Amino acid sequence: MAERKELYLGYTTDKAMTPFMQDFLENLDEDRLMKSVCTSCSAEYLPPRQHCQKCLSEAKLTEMTESEATLYSYVVVNFAPETLSSKGVYIVAIGEFPSGLKLTAHITNFATMSGPPEVGMPLKLKFAKEADGKMITYRWLV
Amino acid sequence: MARRVAVVAGGHSKFGKRYDATMRELTAEAYKPIYDEGITQDKIDATVLSYAASQFSGQGAGSALMADYIGLQGKPHLRVESACATGTASLRAAWGMVSAGLYDVMLVLGVEQMNRVSTATATEYMSRAGDMRWEYPYGISFPAFYALMASRYMSEYNMPHDILAKIAVKSHHYGAQNPKAHLPKEVSFEEANNAISICSPLNLYDCSLITDGAAGVVIAAEDRVKEFTDRPMWIKGIGAGASEMKIQDRPSLTTIPGAKYAAKAAYKMAGLEPKDMDMAQVHDCFTIAELIAYEDCGFAEPGKGPEMVENKENYHDGRIPVNCDGGLKSKGHPLGATGISMTYEVMKQMRGEAENASRQIDDVKHGLVHNVGQSGQFVNVFIYERGW
């Protein structure tokens, strides 16, 4: 991945990107969602973090093998912050994988739903790219 | 040995869209009633003068501006920031200084000027109190954080939205009787239940207001209290707590873990229990936040908050009157002023000085303030005791 990917609404990255985040994004670019695992105490983090919250040791990026989750909670955002106000309605969902790890992302195919989301409904992880390839993200599909 | 500390005076600006004032004039408006009671600048040893978000005004070193504007040149001041819990965080800091003997008399004043930017911009600023790497990019606004709690609560306890609408009806009922309130008007259940969606399941009437305003209190060490009042409100208990930064990392979304911890710590320090409280000012930035506060403060068991609402136990003549000044919902929520405004209201109720008898709570001996920052990352709970 030659150039950095900028992430704004619905796209995970941050402006002050670190080598750790760059690594995360390069994996995401190849459709791999990475958690991090502490090299000392094996604690797991999703989204990943570079330092273990428990012992502050280094946590290494490790591929998530789970792709199916259940809806833990959600919000339908009708009135967005200014930066997203041109995006129309969007749904933010917290999905819970069977391992207990959670991930916050948008549900992007809600137009196919017959009603509002329901806590407990199944979610599937999906990777997405903008046409120019500069922006990548992960999403939930219902 | 820590010294006992009491709130001896308070002042409160009109809350609202204050296009006639900025943070300096609002500061003066909140301090003036205190000055008029005789607590002139020379009687104040030091101050904590705070606001939550400098983005709104663009002013740096704001506490210096505030101190200077109200004639406190040369008096030590500082600003404390804890998002929407800034007011009580300031009070907690000041209590520590007075209790320890560093100062005898302190002015603690919170202010926020929020309406010089658009609602979308204000929403944007507030959403930046979420994790800028993993939450903000997904557009989780301030109401969205609480909507995530509401969705989970409604699912776990099978609660209809009606309960939240009834909380909004109560808040506006009392706000309509408070001349300081931003939106002093009654709303019907139908209006509150069917309003336009902001962040579903939360609608317009589930959300607090974007408000300009200021509030201040003076605290004094026990051996100085009599110089200022014969009606001191003793700070009997203080508890502070914190919750995980990312909302997805919380062990539960039907409670605010930091609030539960803070309430327990405050009760323990005060040697009191929830049943001893005669009133509460809770942080109802959203109706779901008020409902969860009933449970976190021990006024209802988990999942039983809705019964308190249905039975109107939260009204001024109920078992535990909550937010009988209109709360953040109707009185308004100028972030940095809110915690001090809550404190001011407890003092007012204890003194029997509510503007309308129909919102005056009878015989308040103990009152609780529950002030939450952002979605629970900061929480302060104060318990007050009538000193006369």
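See above for the structure.
So, a few notes on the structure that sits alongside this text.

The rules behind these values
- All residue numbers here refer to positions counted from 1 along the written sequence of the relevant chain.
- All chains are assigned letters beginning at A, and all ligands numbers beginning at 1, according to the order in which they are written.
- Per-residue local features are limited, in this predicted model, to residues with pLDDT of at least 70; the limit for side-chain atom pairs, both in listing and counting, is 80 or more; totals at the level of whole chains, interfaces and linings are taken over all residues.
- Only hydrogens and water are set aside; all other atoms, that is, all heavy atoms of the structure, feed into the side-chain values.
- Think of it this way: DSSP has to see at least two bridges between two strands before they count as a pair.
- Secondary structure follows DSSP: runs of H or I at least 4 residues long count as helices, runs of E at least 2 residues long count as strands, and numbering of each begins at the N terminus.
- By definition, residues are in contact when any of their heavy atoms lie within 4.5 Å.
- Take the accessible area each of two parts loses on contact, using a 1.4 Å probe, and add the two losses: that sum is the buried area.
- When a carboxyl oxygen of Asp or Glu lies within 4 Å of a side-chain nitrogen of Lys or Arg, that pair is called a salt bridge.
- In protein, a polar contact means a hydrogen-donor-capable atom and an acceptor-capable atom, both N or O and within 3.5 Å, with residues adjacent in sequence counting only if both atoms are side-chain atoms; elsewhere, any N or O pair within 3.5 Å suffices.
- Cysteine sulfur atoms are paired as a disulfide whenever they come within 2.5 Å of each other.
- In this scheme, a residue with accessible area under 20% of its type's maximum is buried, one over 50% is exposed, and one in between is partly exposed, where area comes from a 1.4 Å probe on protein chains only.
- Angles here are taken between N-to-C directions and fall from 0 to 180 degrees, while the axes themselves are lines fitted to C-alpha atoms, restricted in helices to the stretch in contact.
- Roughly parallel means an angle under 35 degrees; roughly antiparallel means over 145; roughly perpendicular covers 65 to 115; every other angle is labelled oblique.
- Gly counts as polar in this scheme, as do all residues outside two lists: the nonpolar Ala, Val, Leu, Ile, Met, Phe, Trp, Tyr, Cys and Pro, and the charged Asp, Glu, Lys and Arg.
- Multiplying 1.5 Å by the residue count of a helix minus one yields the expected span of that helix.
- Nonpolar cores are built from buried Ala, Val, Leu, Ile, Met, Phe, Trp, Tyr and Cys residues. Side-chain atoms within 4.5 Å join them into one set.
- Side-chain rings of Phe, Tyr and Trp, where Trp is taken by its six-membered ring, are said to pair if the distance between their centres is within 6.5 Å; with planes under 30 degrees apart they count as stacked, over 60 as edge-to-face, and otherwise as tilted.
- Whether a charge sits over a ring depends on NZ of Lys or CZ of Arg being within 6 Å of the ring centre and within 35 degrees of the ring normal.

### Considerations on the sheet that holds strand 7 (residues 213–221) of chain B
Residues and elements named next belong to chain B. Read across the sheet, nine strands follow the order 3-2-4-7-1-8-11-10-9 without closing on themselves; strand pairing throughout is mixed. Whereas interior strands pair on both sides, the edge strands pair on one side only; in this sheet they are strand 3 (77–78) and strand 9 (279–281). As paired strands, strand 2 (residues 46–50) and strand 3 are joined by two bridges and run parallel to one another. Following the sheet pairing, T47 is matched in strand 3 by H77.

### What about the interface of chain A and chain B?
Each side of the interface is counted separately: chain A has 39 residues, and chain B has 32 residues. Taken together, the two surfaces of chain A and chain B that pack against each other cover about 2,900 Å², and 58% of this comes from carbon and sulfur. On the surface where chain A and chain B come into contact, there are zero salt bridges. Between the two partners, chain A and chain B, sit 15 residue pairs in polar contact (both at pLDDT 80 or more). Contributing elements (two or more residues each) for the side of chain A that touches chain B: helix 1 (19–29), strand 4 (68–77), strand 5 (90–96), strand 6 (102–107) and strand 8 (136–141) of chain A.

### A word on the state of the cysteines
Under the definition given, this model contains zero disulfides over all chains. Its sulfur unpaired, A:C41 is 3.6 Å from the next cysteine sulfur, which belongs to A:C52. Not part of a disulfide, B:C207 finds its nearest cysteine sulfur in B:C199, a span of 7.0 Å. Residue classification places B:C207 among the buried residues on the basis of a relative accessible area of 10%.

### Looking at the environment of B:A30
Residues and elements named next belong to chain B. Checked against the element boundaries, A30 lands in helix 1 (residues 23–36). Taking the C-alpha atoms as reference, A30 lies 27 Å from Y315; in sequence the two are 285 residues apart. Not counting the four nearest positions on each side in its chain, A30 is found in contact with G11, H12, S13, L109, A214, A215 and G216.

### Some words on the packing of helix 6 (residues 162–175) of chain B against helix 9 (residues 287–296) of chain B
Residues and elements named next belong to chain B. Contact geometry for helix 6 and helix 9: axes closest at 9 Å, N-to-C directions at 95°. Comparing the axis directions of helix 6 and helix 9 gives the class roughly perpendicular. Packed against helix 6, whose contacting residues are I163, L164, I167, A168, K170 and S171, the element helix 9 presents T287, I288, E290, L291 and Y294 at the interface. Its residues assigned to classes, the contact of helix 6 with helix 9 comprises seven nonpolar, two polar and two charged.

### Some remarks on helix 12 (residues 335–350) of chain B
Residue and element names in this part refer to chain B. In this model, helix 12 (16 residues) spans 24 Å end to end at C-alpha, consistent with the 22 Å of a helix rising 1.5 Å per residue. With 16 of its 16 residues buried, helix 12 lies for the most part within the structure. In the stretch just after helix 12, G352 is the one whose phi turns positive, near 70°.

### Let's talk about the pairing of strand 10 (residues 366–373) of chain B
All names here are of chain B. The element strand 10 is largely enclosed, with a buried count of eight among its eight residues. By the alternation rule, side chains of strand 10 split into H366, L368, H370 and V372 and G367, V369, N371 and G373, which are all buried. Where strand 9 and strand 10 come together, three bridges link them in parallel fashion. Residue A280 lies in a different strand from strand 10, and its bridge partner there is L368. As judged from the eight bridges shared by strand 10 and strand 11 (residues 378–386), these two strands associate in the antiparallel manner. Looking across to strand 11, one finds that V369 is bridged to F382. The hairpin turn running from strand 10 into strand 11, its antiparallel successor, is four residues long, and Q374 in that turn takes a positive phi close to 50°.

### Some points on helix 5 (residues 142–156) of chain B
In an α-helix, one turn spans 3.6 residues; hence positions three or four apart end up facing the same way. All names here are of chain B. Given a rise of 1.5 Å per residue, 15 residues ought to cover 21 Å, and the 22 Å separating the end C-alpha atoms of helix 5 matches this to within 8%. Most of helix 5 is tucked away: 13 of the 15 residues are buried. At the exit of helix 5 stands N158, carrying a positive phi of roughly 50°.

### Remarks on the nonpolar core
Counting residues in hydrophobic clusters, the biggest one holds 142 residues, and the most contacted among them are A:F24, A:Y138, A:W140, B:Y146, B:I288, B:L291 and B:Y384. Counting residues per element, this core draws most heavily on helix 5 of chain B, at 10 residues. What B:I288 contacts, discounting residues up to four positions off in sequence, is B:Y146, B:M149, B:A150, B:Y153, B:L164 and B:L202. Judged by nonpolar contacts, the second largest core, of 28 residues, contains B:A21, B:L26, B:L65 and B:A220.

### Section: the environment of A:V92
Along the chain, A:V92 turns up in strand 5. A relative accessible area of 0% places A:V92 in the buried class. With 16 residues separating them along the chain, A:V92 and A:V76 place their C-alpha atoms 6.6 Å apart. Those residues in contact with A:V92 that sit more than four places away from it in its chain are A:S73, A:Y74, A:V75, A:V77, A:T104, A:A105, A:H106, B:Y138, B:I140 and B:L148.

### Structural notes on the packing of aromatic side chains
Where two aromatic rings form a pair, the distance of their centres and the angle of their planes describe that pair. Enumeration over the complete set of coordinates arrives at 11 aromatic pairs over all chains. For the pair A:F24 and B:W134, a centre-to-centre distance of 5.4 Å together with 90° between the ring planes defines the contact as edge-to-face. Of the two residues, A:F24 sits in helix 1 while B:W134 sits in the loop between helix 4 (119–127) and helix 5, which places them in two different chains. Each of the two residues, A:F24 as well as B:W134, counts as buried. Ring pairs connect the aromatic residues B:F142, B:Y146 and B:F286, which therefore count as one cluster. Lying over the aromatic face of A:Y72, B:R152 brings its terminal NZ or CZ to 3.9 Å of the ring centre.

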